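# An overview of the molecular structure
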Amino acid sequence: MVAILIVDNTTPGLSEFTPQLIAFFEQHSEVSVVSTYLQTKKAIETLRFDGIVLSGSSETFSKSVNPEIVHMNEIALQVRVPILGICFGMQVMAIVYGGAVGTLGNVCSGVREVKVLCSTLFERNATIVTRHEHLDGVEQLPPLFCTTAYTGDTSSTIVAFENKTLGRFGVQFHPEASPLNEQVLLNFITYCSRFTNI
């Protein structure tokens, strides 16, 4: 069975999504959850896992972010296994690899239609309905990453990206919040089980 490390970026009690995310992965993989820098560091040093998931958070880069949260994501991103960043986790990944994150002006909340391009985690050239809850978004891709999905209203709103060489994937929406999008998470688990480019 695939072993997954979940980096929980949430403040306890403030996320409706992260408990769903953990529950989903517990059904389909062996799961370890960390929520502090020291826990993350210890897990990386002592556990074996096939992939890492960086969860969403109520933190926003356009306001202020707890530095410890950023640091625990930075050390997780140094591990040579596939990594999926969800919402805030995608934004941290973008910044660490040289991209840019900015405010959307208004909270993007609720259901949005997303157009998928060529992607490892999605069905090709599909349109899917996704659940969003964020104030910030990725404005500029990190070098060597490509956009794999964007909102239907404008192709400049990046909703998903990937760097397949590094095994790095990000989605701005919450696939754990809808059974329609859980295939993205299953595809990540499958990718982790086959990843050998390390």
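All values derive from a computational prediction rather than experimental measurement.

Procedures and definitions
- Residues numbered from 1 in each chain as written.
- Predicted model: local features only at pLDDT ≥ 70, side-chain atom pairs only at ≥ 80, totals over all residues.
- Heavy atoms only, no water.
- Salt bridge = Lys/Arg side-chain N within 4 Å of Asp/Glu carboxyl O.
- Helix = DSSP H or I, 4+ residues; strand = E, 2+ residues; numbered from the N terminus.
- Buried < 20%, exposed > 50% of the residue type's maximum accessible area, 1.4 Å probe, protein only.
- Polar contact = N/O pair within 3.5 Å; in protein donor to acceptor, adjacent residues only side chain to side chain.
- Phe/Tyr/Trp six-rings, centres within 6.5 Å; stacked < 30°, edge-to-face > 60°.

Evaluated as defined, the whole model comprises 2 salt bridges. The salt bridge partner of Lys-41 is Glu-45, with a shortest N-O separation of 2.7 Å. Here Lys-41 pairs with Glu-45, and both are found in helix H2 (residues 37–46), just 4 residues apart, close to one helical turn. The residue Asp-50 makes a salt bridge to Arg-48 at a minimum N-O spacing of 2.7 Å. Arg-48 sits in the exposed class, given a relative accessible area of 54%.

Turning next to the side chain of Asp-8. In this structure, Asp-8 sits in the loop between strand S1 (3–7) and helix H1 (18–28). Engagement of the side chain of Asp-8 in a polar contact is seen with the side chain of Thr-10, the distance being 2.5 Å.

With that settled, the discussion passes to the packing of aromatic side chains. One pass over the full model with this rule turns up 6 aromatic pairs. Pairing Phe-169 with Tyr-191 gives two aromatic rings, centres 5.0 Å apart and planes at 80 degrees, and the pair type is edge-to-face. Separated by 22 residues along the polypeptide, Phe-169 in strand S9 (residues 168–171) and Tyr-191 in helix H5 (residues 182–194) bring together distant segments of the chain. Taken together, the aromatic side chains of Tyr-97, Phe-145 and Phe-161 make up a single cluster linked through ring pairs.

Take it as geometry only, folks, not as evidence of what the structure does.
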